[in-house]
Structures are given as structure tokens and as C-alpha cells.
Amino acid sequence: MLNSTFTSRLFAFLERRVRTPFAFLVIVSIAMPIGMSVWQALLNNYAVEQIGINGFENGVMQSIREIPGFLAFTSVFILFILREQVFAVIALAVFGLGIAITGFLPSVYGLYFAVVLMSIGFHYFETVRQSLSLQWLPKRVAPRLLGALISVGSITAFCTFLAVLALVKWLEFDFASIYAIAGGIVVALALFLAVAAPRFKSRVEQRKQIVLRSKYWLYYGLTFLSGARRQIFVAFAGFLLVQRFGFSVANMTALLLVNHLVNALAAERIGAWIGKIGERRALTVEYIGLAVIFSCYAFVETAWMAGLLYVLDHFFFAMGIAIKTYFQKIAEPADIASTAGVSFTINHIAAVIIPAILGSIWLESHAAVFLIGTAFAVCSLALAQNIPNSPSQGNEVQIAPAFLRTNTTS
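In this text, all values refer to a predicted model and were calculated from it rather than measured experimentally.

A tally of helices and strands in the protein yields 15 helices and zero strands. In terms of C-alpha radius of gyration, the protein reaches 21 Å, essentially the compact-globule figure of 22 Å for 410 residues. Its C-alpha atoms put the protein at 65 × 60 × 35 Å along the principal axes. When burial is assessed residue by residue, the protein has 56% of its 410 residues classed as buried. Partitioning the intrachain contacts of the protein with sequence separation of at least 6 by distance along the chain shows that 88% fall at a separation of at least 24. When the accessible area of the protein is evaluated, it comes to approximately 16900 Å², of which 68% is carbon and sulfur surface.

Following the criterion strictly, the structure yields eight salt bridges and no others. Of the charged contacts, one joins arginine 244 and glutamate 301 as a salt bridge, the two residues approaching to 3.3 Å between their closest N and O atoms. Here glutamate 301 lies in the loop between helix H11 (279–299) and helix H12 (303–317) and arginine 244 lies in the loop between helix H9 (217–243) and helix H10 (249–277), a separation of 57 residues in the sequence. For glutamate 301, a relative accessible area of 59% puts it in the exposed group. Residues joined by salt bridges that share partners form a network here, namely Arg213, Lys215, Glu332 and Asp335.

Another aspect to go through is the environment of alanine 176. Here alanine 176 is to be found in helix H8 (residues 175–196). In the structure, alanine 176 is positioned 130 residues away from tyrosine 46 in sequence and 9.7 Å away in space, judged by C-alpha atoms. Excluding its chain neighbours within four sequence positions, the residues that come into contact with alanine 176 are Gly103 and Phe104.

Below, the discussion takes up helix H13 (residues 321–330). Extensive coverage of H13 is indicated by the burial of eight of its 10 residues. Of the residues making up H13, those classed as buried are Ile321, Ala322, Ile323, Thr325, Tyr326, Phe327, Gln328 and Ile330.

What follows is about the confidence of the model for the protein. Per-residue confidence for the protein gives a mean pLDDT of 84; residues scoring 70 or more make up 92%. Helix H5 (residues 84–101) holds the highest mean pLDDT among the elements of the protein, 95, whereas helix H1 (residues 2–16) holds the lowest, 57. Throughout residues 406–410 the model reports pLDDT below 50, and contacts reaching past four residues in sequence, or to other chains, amount to nine contacts.

Here we take up the state of the cysteines. In this structure the tally under the stated criterion is zero disulfides. Between cysteine 296, a cysteine without a disulfide, and cysteine 379, which holds the nearest cysteine sulfur, the sulfur-to-sulfur distance is 19 Å.

All right, on to the packing of aromatic side chains then. Overall, the coordinates contain 20 aromatic pairs when judged by the stated rule. With 5.8 Å between their ring centres and 80° between their planes, phenylalanine 315 and phenylalanine 316 make a pair best called edge-to-face. Both rings, one in tryptophan 362 and one in phenylalanine 370, keep their centres 6.1 Å apart while their planes meet at 70°; by these two values the pair is edge-to-face. The same class applies to tryptophan 362 and to phenylalanine 370, which are both buried. Following the ring pairs from residue to residue traces out a cluster consisting of Phe236, Phe239, Phe294, Tyr297, Trp362 and Phe370.

Thresholds, definitions, all that
Residues numbered from 1 in each chain as written. Predicted model: local features only at pLDDT ≥ 70, side-chain atom pairs only at ≥ 80, totals over all residues. Heavy atoms only, no water. Helix = DSSP H or I, 4+ residues; strand = E, 2+ residues; numbered from the N terminus. Rg over C-alpha atoms; globule rule 2.2 N^0.38 Å. Buried < 20%, exposed > 50% of the residue type's maximum accessible area, 1.4 Å probe, protein only. Contact = heavy atoms within 4.5 Å. Areas by Shrake-Rupley, 256 points an atom, 1.4 Å probe, with all protein chains shown as cover. Salt bridge = Lys/Arg side-chain N within 4 Å of Asp/Glu carboxyl O. pLDDT = per-residue confidence, 0-100. Disulfide = S-S within 2.5 Å. Phe/Tyr/Trp six-rings, centres within 6.5 Å; stacked < 30°, edge-to-face > 60°.

Laid out in C-alpha cells, this is it:
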């Protein structure tokens, strides 16, 4: 009886805290990092030590993981059936389920299956979360609030990595138990949001059709290159540390702790800084930094330097907020949901292909893989220079290609 009363009071207390759209975004910003942090902390060691995959199989796994991201444009069709908020909660639960079963399938094909299930939930969830964030957050404070949400996620990830470190190093939990605990927490939070969160209304009715507009071409280009660079980091940076420098689960978790501590302290400030100096300058700093980091990855010879690069790499990617706020400023409000799905698909065109191809290149030269990342960063830097000082509808770029100048609103 006492336990039932305590549970009902706790639920009522939490329910009162989920009364604004920003509170909803805060809670999902807590839920997602719990599952993803455990995934990141254990994946390379689980795959190498327990399953024994090689570089090519790792590349294939990463390509399979990105196929649902490539299909993210289909989210617009699901919105004929489900409201965006409901869709986000369901996707979050599917993601949690994929995490929970990972450790119970200790084979290459079992891992592939868990990866696909987790990825379906993750990519649909991130598509809808991006859309809801850009619809719900006012433009004048969006960079700072997006940075604040990254800080919330980083604090959650930091605490999760500490828990993983304790479970692995001192309590000697196995992979399956840790994956099951993390996935179960994510599913529980999704169920809580399904029951407790009010149904928030969007300011503008979203178009339920695929929207491709020529005036968004620069956003599409930056998004494509961002996906290509990101996949090199996700698929191969951690793999380099484990395979070449022998980093243990404890080593990887410690690095990720540092990453998220830095982001927890800096992300909101980065968002405010982007709001102050503008998207073009912020992306210029990011892409120069990433070009240098990828080049250093190619030739690094010591474990401590490789670990430092991993931390710096993660820090610079936090500046990607600027791509989202650039789109928010130039977009027609009714286009946001559809374009979120389209942009995730564009982001993952390269992501589906690159890991498998680069996995083959990795077998011959890991340096070549990271130098390709340098090339992507330089291309991004060139494109970013075309962002206006004050982007807005009708002022999307400084110079449009000739074949688009007569059709900038299609």
C-alpha cells in the first residue's frame, strides 16, 4: 500500500513537470543518451572481443545501421496516421527495445538484427525530434535552447558512462545485462511520456508530402557532407582506438565521459555563441577544426594523441547546431516536418555507402580513410561560405548556381 501510494505520488509529481513542449524535449534528451551512451561505450569491445568481427564486417554493420536513416523521408507518410509527438514516443520505445536485446544475440547476424531495430527507432525519433524542436522553439533563442538540450543529453550521457564504468570495472556485469538495463530504462521513459505528456499543438500545420525545394539547396549540400564526415567518425574513430591502440571498455568509457563533460559545460555556450556570430562563421570554425583533426587521425602514432583527437572531434561536431538554425531561418514553417525527413535521408545517402566502402579501404590503409574525411571537411568549408550574414526566407544564399536563379521558390 505504501509503495503504491509512493509510486502514484511520484508519477503525479513527474506528470506535472511535463506540461510544456520544452519539458518534453528535455525528457527525450535524457532518454536517448541513456541507450546511445551504453551502445557507444560497449559496441566496439562487444563486437571485437565477444563476436570477433573484422574491419570489413564493422563497415557492413555501420552501413546496415544507416539504412533506416536513408529511409527517414518515409516519416512524412507515417504522419498521415500518427501525430508527430506520438510518432516520436513510439520510435523512442523501438530504439530502447533494440538496445535491450543486443547483448542476447552474440553473433554477427544477431548483432546486425539488433542494429537494424535500434536504428529504425533512433532515426525516426531523431527525424521527428528535429522537426518538433524547430517548430516549438522560437527562432531568437533556438540556438541557445538547442545547446541547452545538448547539455542535458551530455550530462545524462556522462552519468550513464559513469554507471557503465562501475558496472564493468567493479561490479563485473556482462554485456547482455548492461544492454538490457539501458534499453529497459529507455522503454520505460517512452511509456511515461505516452501516458503523462499532454498533446502539444504545432503553430503551423505541417505539409504531409515530400518537399524538395531548390531554394534549400545549400542546406541539402551541407547536410549531405555532414553525414559523410559523421560516418567516418562514428564507424572508424572508436574502432581505431580499440583495434590499433588496444583501448579497453574502461578506456573508451573514460574518453566518452570526458567528451560529454566538455559538451555539458560548453554546448549551451556554443549555441549562444552561434546566435551571436552567425551560422557562417560558426561553421567555418567547425570545418577548419575538423579538417585538421581528420588529417591528424591519419598519421597519429600514440594512444594518448589518438584519445585527444577523439575528444576534440566530438567537441567540434557540437557546432552542427548551426546547420539546423540556418534551416530554421530560411524555411517556410509548414515545410519543417517534411524537410526534417528529407534531410535525414540526404544525410544518410553517403552514410549507407561510405562505411562499407571505407571498411574495404581500411584493410589496406587506415590513413586513407581519415584523409577522405579531411576532403569532406574542406568541401563543407567551401559551401559554408555561401551562407548570408542574415539568412532568412528570400535570402537563403549569397550566390545561387545559374540553373537555380530563375527558380528559387520552387
